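Descriptive structure summary
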Amino acid sequence: MSNRALIDDLVRVCGPGGVRHRLADLMVFEADGSVDGAVKTTLPQAVVLPTSTEQVAGVVKIARKHGVPVVARGAGTGLSGGAVAINSGVIISLTRMNHVLEVNLLERTALVEPGVVNLDLSTHVKHQHLFFAPDPSSQKASTIGGNIAENAGGPHCLKYGVTTNHILGVEVVLPSGDIAWFDSNQAGYGGLDLTAAIVGSEGMFGIVTKALVKLTPIPQSISVILAAFASMDDAAMAVTEIIASGTMPASLEIMDQLSIEAVEAAYHAGYPTDAAAVLLVEVDGHPLEVAEISADVEALCRRIGTVQYRQSYDPVEQAALWMGRKMSLAAMGRLAPNYYLQDAVVPRSKLVQTLDEVDRLGRASGLPVANVFHAGDGNLHPLILFDRREKGAVERVLELNHDLVVACVELGGTLSGEHGIGSEKRDHMPLIYTESDLRAMAGLKRSFDPDDFFNPGKVLPAGLMCGELKDLHMQRMAQKHGIVAF
Amino acid sequence: MATINLVEELQKPVPFSGPDMPDDELLRACVHCGMCLPSCPTYRETGDEASSPRGRLWMMSAVADGKLSLLDPDFDEQMYQCLNCRACEAVCPSGVQYGPLVEASRAQLEQHRPRPWWQQLLRQSVMSWPFDDVRRMRTGARGLRLYQQSGLSRLLQRTGVLKLMRLENLERMLPPIEESPLAPGKDTWVPKAKLANAHVFNGCVMSSVFPDVNRATGRVLAHNGYATDVPVGQGCCGAIYSHTGMLDDARVLARKNIEAFERAGDGAIVVNAAGCGSALKEYDHLLKDDPRYADRAKAFTARVLDVNELLDQQPLIPPTHAINARVTLQEPCHLVHAQRISAQPRSLLRQVPGLELVEMQESSLCCGSAGIYNITRPKMADALGDRKARNAMATGAEAVVTSNPGCQMQLRTSLIRNGSEQPVEHIVSILDEAYGGRTATGWAIDHQ
Amino acid sequence: MQSSRGLNVSETVVIESPAHLADVLADATAHRIAILPIGGGTCLSTGLPTNEHYRALDLSQLSGIENYIPTDMTASFLAGTPLRTVRAALAENGQELPIDLASDDEGTIGGLVATGYSGARRYGQGTLKDVLIGCEYVRGDGLLAKAGGMTVKNVSGFEVSRLLHGSWGSLAVLTRVNLKVLPRPKADRTFVWQDSTLAAALDRQVRFLTSFPGCIAMETTGCGDRWTTAIRFAGRESALQDYQLQLSNAEGTPDAVLDEWPLPPSTEDNPCLVANNPVEQSRGFALMLSTHQGVNALSISLPTGTVRAELDSGLVAAREITTHAEGLWMIEGGDPDWKRDAAIWGPGRQDIAVAQAVKDQFDPGNILNRGRLFI
Ligand SMILES: Cc1cc2nc3c(=O)[nH]c(=O)nc-3n(C[C@H](O)[C@H](O)[C@H](O)COP(=O)(O)OP(=O)(O)OC[C@H]3O[C@@H](n4cnc5c(N)ncnc54)[C@H](O)[C@@H]3O)c2cc1C
Ligand SMILES: Cc1cc2nc3c(=O)[nH]c(=O)nc-3n(C[C@H](O)[C@H](O)[C@H](O)COP(=O)(O)OP(=O)(O)OC[C@H]3O[C@@H](n4cnc5c(N)ncnc54)[C@H](O)[C@@H]3O)c2cc1C
Ligand code: SF4
Ligand code: SF4
């Protein structure tokens with residue numbers, strides 16, 4: 001069927017104002033937040049902007065009828081190409097479904113549409129002294145639907161957990177076009193926790209059209225600590241000791257020297273430029289407890305030999321202490337026009353060793369690499385700086401990235417802590433998973449989407465979704481156990 | 001074969017060319033992260049990537065790369081749907097300078113695209129004529145005053161002639177005009193103890209529609225130690241031209257203002273219209289390629305201060321009259337985003353005895369005024385105006401405070417449309433009242 | 001033929017290794033043999049009663065702690081590791097799981113993940129799902145695979161581990177679970193008040209809910225005119241003392257202050273009904289009732305030998321309460337004949353088609369725990 005027929009059908013469901021199909025309007029959907037080159041930009045056939053679950057279901061049925069794939073999209077801030085329609089098809093943009101439908105104060109939950117912007121939800125419930133705990137650095141722009149699909153995390157996830165720990169249930173439109181509600185409390189109570197499977201499924205299992213999310217009480221007291229150290233080893237040791245002392249801060253972040261320099265040059269955040277590492281600690285909870293823990297952290301940092309120590313309970317000062325960290329990405333922008341943000345995770349005890357490796361590989365490649373990372377949970381964010389106009393720059397970045405990934409995996413790490421696999425890290429999956437592991441994941445995908453119709457080409461390396469592989473295992477087993485077929 | 005080439009030639013996207021092309025360096029600074037999306041009023045209203053800063057920049061790059069035609073109607077649409085409110089610029093972590101890029105894109109469109117005759121006519125009559133000379137604007141305003149008083153206005157509103165002429169919005173925006181405008185070169189305000197000189201930028205809309213605000217500015221400045229005057233020879237700031245891609249017209253006005261304020265001698269150039277202020281602060285960029293004026297423009301720009309900025313440089317001389325009221329603040333785009341002035345008005349309001357400031361949601365989201373936007377795109381402007389009115393009304397404040405004439409007019413109409421009685425005041429008028437208004441002492445007015 | 005808690009077990013295979021398990025399961029799938037994985041065997045009677053003849057799997061050989069690095073705060077356990085071993089190993093390093101484990105717990109870590117049990121701290125600290133970072137498992141069809149890893153954050157690939165949590169061994173048999181562990185709080189204290197009516201007790205709970213968001217657990221239990229409401233905090237001594245002061249000012253001196261959370265009465269002996277949402281009244285049935293904050297579920301456990309009529313009326317009431325509170329419910333113990341007649345897993349569910357499709361993918365021969373969740 002022609003594109004025209006597809007568009008006409010879509011207009012019947014979403015109205016003319018809810019369908020985009022002309023060149024300029026489609027072009028703006030060919031990319032997300034990922035680096036052009038790491039993810040190939042692709043033009044979708046059509047983009048729809050539905051306003052209800054029923055419209056989403058209607059669109060899914062039409063796409064099915066026309067045999068074109070469907071890709072869900074939130075704010076398009078994803079860093080792994082998740083929202084790019086790499087096989088073309090229809091993009092369902094959920095940005096118009098952006099209402100907070102219900103807030104239950106006693107249960108501390110909110111029922112929201114997927115297009116609600118993460119920070120808007122926290123602002124919405126702020127006067128009830130609640131907030132939505134997952135806080136990706138993109139929280140000003142990224143949507144709850146996108147956070148769910150990528151299982152997003154952020155600095156405060158050390159204490160509060162990542163997105164999956166805050167999703168109690170979801171309404172989804174399935175690849176069949178059916179609408180279902182998944183309740184995570186069913187785990188153990190006679191059902192399967194299908195919500196757990198939806199979180200982190202990168203839009204490949206179902207399109208989230210509503211979510212029941214947990215809200216967290218705003219802590220009574222917050223203390224922010226900045227401790228600078230003369231070596232990365234010292235900073236890492238401080239992290240280890242803080243954790244060993246039996247307290248769980250809300251966040252533990254480290255910046256290395258290059259990041260500090262960049263931040264200071266751009267914003268004068270007051271970080272000591274002669275320090276090798278700056279550690280930011282946030283402690284929250286009962287005021288007396290926060291005071292005690294802060295004192296413990298101070299004693300511990302001084303014993304290790306902090307070269308500068310600052311602490312504050314004042315929100316304005318706290319913002320100033322955080323500023324350097326928050327603006328670090330921006331500051332990099334001033335050092336080089338482009339950056340590639342890596343997302344590997346290693347066991348916490350391997351942090352220093354990994355950073356040495358990062359440093360070594362960075363030097364060898366000749367590309368500057370800055371490090372700003374979630375030290376508390378081992379989530380590294382090496383930032384590779386480059387200028388895409390230089391010939392071969394993107395290729396060199398991707399090469400270095402590959403080496404970094406391999407190094408992290410060798411140290412017991414994994415590919416991604418929060419940004420997802422998408423099409424960008426898809427081909428790295430065999431580094432950490434065996435063929436069996438991946439086949440089992442493909443099986444899970446198939447139980448939601450047997451025809452590979454939602455967001456095809458993501459997460460699973462090529463070939464895994466084709467029928468033959470599935471049968472291979474069956475045949476092997478059949479041979480082994482002496483029967484013809486299952 | 002030649003014919004085939006011709007067909008291909010015709011189908012090739014029209015690229016940027018000629019003077020005022022969007023600067024490639026600035027364009028490539030966008031890393032497509034999307035952090036600017038939620039601060040953009042048109043994206044907030046539509047939820048459509050095409051109506052977002054990132055989408056618009058992507059389109060500009062597509063034109064620059066020859067993938068999209070400059071004359072693609074959807075490109076044209078987006079370049080003009082943008083309010084040029086600069087909210088995206090203020091939040092962009094990579095420091096993308098969106099303003100100059102959209103203005104250059106518009107300049108390209110103005111150069112290369114044939115406009116339907118009626119649009120040209122409309123733009124010339126509504127836009128160019130009244131603004132390019134303050135005197136003419138004032139004549140216009142006087143005419144308007146007559147028109148408002150004569151009852152003709154009601155007649156026209158009813159017959160719908162205005163709507164036909166797309167002037168209806170202009171009409172709705174205008175407040176009743178009471179005072180006569182300032183006299184440049186004549187009006188001065190002398191403080192008791194002089195701190196420094198200040199030269200008021202008169203502004204077209206401000207001087208014609210809100211002359212009382214300009215007078216209040218003189219009085220408040222004098223209360224705070226500034227010997228204040230209104231230099232002769234100044235004219236329109238030119239924003240209306242640079243925003244719509246008519247950069248050469250803007251340059252003519254810029255040179256004129258630079259000369260006028262050079263003649264006025266030392267001291268700050270004080271602006272109480274945020275839109276004008278941000279335009280004046282960009283003269284250095286506008287004239288950077290003009291060998292005769294580039295340096296003078298830099299010196300000029302360095303002297304320009306918004307009235308909020310100037311007054312908040314040190315604590316106010318304590319106001320004498322309490323104002324027992326709750327007010328809410330609407331932040332003009334060209335103040336908060338283009339000039340990054342946000343803390344100052346709040347600090348000033350806090351120094352007024354009795355006054356309570358209640359913050360509204362989205363106080364820095366564009367109200368839909370944006371120069372002549374509410375005339376050219378009434379639908380989007382109304383949607384944004386309604387949104388703003390709802391947010392202002394939700395605070396329960398007794399008045400809305402802002403500091404830009406365009407915003408004042410847009411807010412007023414929007415509030416009325418939404419059934420609110422909340423008056424809209426310029427921050428200077430509030431301060432003036434806190435010093436006792438027209439009848440206050442402590443400074444002297446001096447008509448030369 | 002042995003009987004394991006009312007289930008028919010025709011033979012037991014002692015599993016030696018994950019690879020061995022894969023073989024056993026592939027074979028069972030080929031021959032459609034119903035499989036019953038057994039960890040500690042502590043809650044085999046929960047769920048739909050069935051007349052299947054099972055081949056039981058003894059997982060006790062898959063026991064041991066691997067890769068426990070206290071400073072990483074992560075640990076990997078073979079699935080058959082007894083909970084008491086887990087508890088002791090963690091306690092030695094001042095760490096724990098967010099679940100109260102008894103020192104003599106016979107259950108296994110694999111069984112705990114499979115059943116999805118959580119305790120009172122679910123309210124403040126969540127379930128094992130929240131700390132599950134990876135696992136190794138064998139699907140019903142014998143495919144040995146792993147998901148996740150040993151890092152505390154991981155979004156590489158789909159979330160199989162968390163899907164297996166609470167699936168009652170119906171999709172796969174776990175051979176290893178990787179968990180994030182928590183520092184043990186310096187102090188842990190529970191404050192208890194008595195009330196003579198359920199309504200008063202529940203009002204108290206609502207007050208706690210609104211005024212003390214920092215608590216980690218809250219519960220009301222009792223029957224007749226004796227109701228107990230408990231609220232629990234963990235952290236530094238100074239904070240706990242301040243909480244006690246605030247509580248005393250608001251609610252009067254507590255009737256008891258405990259350093260140990262009162263573990264719920266053993267379900268085998270005492271009738272016990274557990275509900276999450278504040279219930280306005282006991283609906284007149286004479287069973288013991290307790291409400292837990294944190295899970296939208298109601299579990300009723302009735303002693304064997306309760307009169308049938310009383311059981312039925314209890315069930316009706318439970319159903320009403322759950323529906324009213326938009327909760328879920330299930331029956332844990334009870335007479336097999338009676339269970340067979342009652343829809344024991346609670347109300348029908350919307351997601352059944354997808355759940356069945358997942359089951360078919362993981363366990364195409366429907367051999368695992370046949371009858372427990374999936375018929
Ligand atoms: C500057 C910057 C900083 C960032 N910092 C962080 C960080 O700290 N932590 C972090 O975790 N991430 C971070 N990210 C990555 C990104 O913001 C997150 O992945 C975010 O969750 C994506 O949300 P989105 O709404 O933009 O989704 P999109 O990018 O639009 O989509 C992402 C994926 O979700 C799917 N999807 C979207 N909506 C739905 C839905 N309703 N139903 C089903 N699938 C859906 C899409 O198909 C796609 O696969 C950052 C990105 C940027 C640009
Ligand atoms: C707060 C709390 C409350 C508790 N309340 C109760 C209670 O009310 N009643 C009670 O009996 N116990 C209770 N327990 C203990 C509980 O029984 C065990 O902790 C655990 O849930 C069962 O472990 P098990 O090894 O004995 O499992 P089993 O009884 O051996 O098995 C239970 C189910 O899990 C499956 N299973 C076991 N191991 C695996 C595996 N490795 N892979 C896949 N599936 C497997 C079995 O097939 C079976 O379906 C409670 C525990 C806690 C922490
Ligand atoms: S303009 Fe700035 S904030 Fe917006 S997408 Fe580009 S780089 Fe990001
Ligand atoms: S200037 Fe304003 S309207 Fe235009 S793109 Fe930026 S934020 Fe949007």
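Remember, it's a predicted structure, so these values are computed and weren't measured experimentally.

Taken together, the contact between chain A and chain C spans 90 residues of the former and 78 residues of the latter. Taking both sides of the interface into account, the surface hidden between chain A and chain C amounts to around 6900 Å²; carbon and sulfur atoms contribute 58%. Applying the counting criterion to the chain A and chain C interface returns six salt bridges. Between Lys 153 of chain C and Glu 418 of chain A there is a salt bridge whose closest N-O contact spans 2.7 Å. Mapped by element, the contributors of at least two residues to the side of chain A that touches chain C are strand S9 (179–183), helix H7 (194–198), helix H8 (232–244), helix H10 (287–304), helix H15 (429–432), helix H16 (435–448) and helix H17 (467–480) of chain A.

Further remarks concern the site of ligand 4. In the vicinity of ligand 4, the residues found are Cys 40, Pro 41, Pro 53, Arg 56, Cys 82, Leu 83, Asn 84, Cys 85, Arg 86, Ala 87, Cys 88 and Tyr 98 of chain B. When residues of the shell around ligand 4 are traced back to their parent elements, those giving at least two are helix H4 (53–64) and helix H6 (87–91) of chain B.

Time to look at the interface of chain B and chain A. Taken together, the contacts link 28 residues of chain B with 33 residues of chain A. Together chain B and chain A conceal approximately 2500 Å² of surface at their shared face, both sides included; 53% is due to carbon and sulfur atoms. Summed over the three residues of chain B that lose the most area to chain A, namely Met 35, Trp 58 and Asp 74 of chain B, the buried surface amounts to 22% of that side. Between Glu 49 of chain B and Arg 73 of chain A there is a salt bridge whose closest N-O contact spans 3.1 Å.

Before going further, it helps to spend a moment on empty space enclosed by the protein. Residue and element names in this part refer to chain C. In the structure shown here, the tally under the stated rule is nine cavities of 30 Å³ or more. Taken as a whole, the largest cavity encloses approximately 160 Å³ of empty space. Looking at the largest cavity, it is lined by 20 residues, and the ones nearest its centre are Ile 133, Asn 154, Val 155, Glu 159 and Arg 162. Those elements giving two or more residues to the lining of the largest cavity turn out to be strand S8 (132–139), strand S9 (144–148) and helix H5 (160–164). With three residues, the top contributor of residues to the lining of the largest cavity is S8.

It is worth spelling out helix H2 (residues 83–92) of chain C at this point. Residue and element names in this part refer to chain C. Leu 83, Val 86, Ala 89 and Leu 90 are the residues of H2 that are buried. Summarising the axial view, the buried residues of H2 lie within an arc of 130 degrees, below the 170-degree limit, and thus occupy one face. Elements in contact with the buried residues of H2: strand S5 (65–69), strand S6 (74–78), strand S7 (95–96) and helix H3 (109–115). Immediately downstream of H2, the backbone of Gly 94 shows phi near 65 degrees, a positive value.

With that settled, consider the packing of aromatic side chains. Inspection of every chain in the model, using the stated rule, returns 15 aromatic pairs over all chains. Both rings, one in Phe 205 of chain A and one in Phe 448 of chain A, keep their centres 4.6 Å apart while their planes meet at 10 degrees; by these two values the pair is stacked. Taken together, the residues Phe 205 of chain A in the loop between H7 and strand S10 (207–214) and Phe 448 of chain A in helix H16 connect sequence positions 243 residues apart. Taking the relative accessible area as the measure of exposure, Phe 205 of chain A reaches 0% and is therefore buried. Pairwise contacts between aromatic rings join Phe 191, Trp 193, Phe 208, Phe 212, Phe 233 and Tyr 243 of chain C into one cluster. Over the face of the ring belonging to Phe 453 of chain A we find Arg 64 of chain A, whose NZ or CZ atom lies 4.6 Å from the ring centre. The aromatic ring of Tyr 293 of chain B is capped on one face by Arg 255 of chain B, whose charged end is 5.8 Å from the ring centroid.

Before going further, it helps to spend a moment on the environment of Leu 415 of chain B. All names here are of chain B. Structurally, the position occupied by Leu 415 is in helix H25 (residues 405–417). Residues Leu 415 and Pro 184 lie 231 residues apart in sequence; the distance between their C-alpha atoms is 33 Å. Beyond its immediate sequence surroundings of up to four residues, Leu 415 is in contact with Ala 389, Ala 392, Met 393, Val 400, Ser 420, Gln 422 and Val 424.

In this section: the domain arrangement of chain A. Residues and elements named next belong to chain A. By domain assignment, chain A separates into domain 1 (3–93), domain 2 (100–217), domain 3 (219–335), domain 4 (336–424) and domain 5 (436–480). Taking only C-alpha atoms into account, the centre of domain 1 sits 31 Å from that of domain 4. Contact residues are listed per partner, giving 10 residues for domain 1 and 13 residues for domain 4. Regarding the contact of domain 1 and domain 4, the summed buried area is about 840 Å², with carbon and sulfur atoms giving 63% of it. Looking only at domain 1, the three residues that lose the most surface to domain 4 are Val 35, Leu 79 and Ser 80, adding up to 58% of its buried area.

Attention now goes to unusual backbone geometry. Residue and element names in this part refer to chain A. The phi angle at Glu 202 is positive, at roughly 55 degrees, despite the residue not being glycine. Along the chain, Glu 202 turns up in the loop between H7 and S10. Phi is positive for Val 459, close to 65 degrees, though the residue is something other than glycine.

Here we come to the sheet that holds S5 of chain C. Here five strands make up an open sheet; going across it, the order is S5-S6-S10-S8-S9 (chain C) and the pairing antiparallel. Each edge of the open sheet is held by one strand with a lone partner, namely S5 and S9 of chain C. Mean inter-strand twist for the sheet, computed between neighbouring axes without regard to direction, equals 15 degrees. Together, S8 and S9 of chain C form the strand contacts of H16 of chain A, whose direction differs from that of S9 of chain C by roughly 75 degrees. With respect to the sheet, H2 of chain C is in contact with S5 and S6 of chain C, its orientation differing from that of S5 of chain C by roughly 25 degrees.

Mapped onto the secondary structure, Asn 185 of chain A falls in the loop between S9 and H7. A polar contact of 2.8 Å, which involves the side chain of Asn 185 of chain A, links it to the side chain of Arg 122 of chain C.

What counts as what
- Residues numbered from 1 in each chain as written.
- Chains lettered and ligands numbered in written order.
- Predicted model: local features only at pLDDT ≥ 70, side-chain atom pairs only at ≥ 80, totals over all residues.
- Heavy atoms only, no water.
- Contact = heavy atoms within 4.5 Å.
- Buried area = accessible area lost by both parts, 1.4 Å probe.
- Salt bridge = Lys/Arg side-chain N within 4 Å of Asp/Glu carboxyl O.
- Helix = DSSP H or I, 4+ residues; strand = E, 2+ residues; numbered from the N terminus.
- Near = heavy atom within 4 Å.
- 1 Å grid on protein atoms, 1.4 Å probe; cavity = no way out; pocket = protein on both sides within 12 Å on 5 of 7 lines; lining within 4 Å.
- Points joined across faces, edges and corners; volume = space filled by probe spheres on them.
- Buried < 20%, exposed > 50% of the residue type's maximum accessible area, 1.4 Å probe, protein only.
- Arc of directions from axis to C-beta.
- Phe/Tyr/Trp six-rings, centres within 6.5 Å; stacked < 30°, edge-to-face > 60°.
- Lys NZ or Arg CZ within 6 Å of the ring centre and 35° of its normal.
- Domains from an automatic or database assignment.
- Pairing = 2+ DSSP bridges.
- Axes fitted to C-alpha atoms, helices over the stretch in contact; angles between N-to-C directions.
- Polar contact = N/O pair within 3.5 Å; in protein donor to acceptor, adjacent residues only side chain to side chain.

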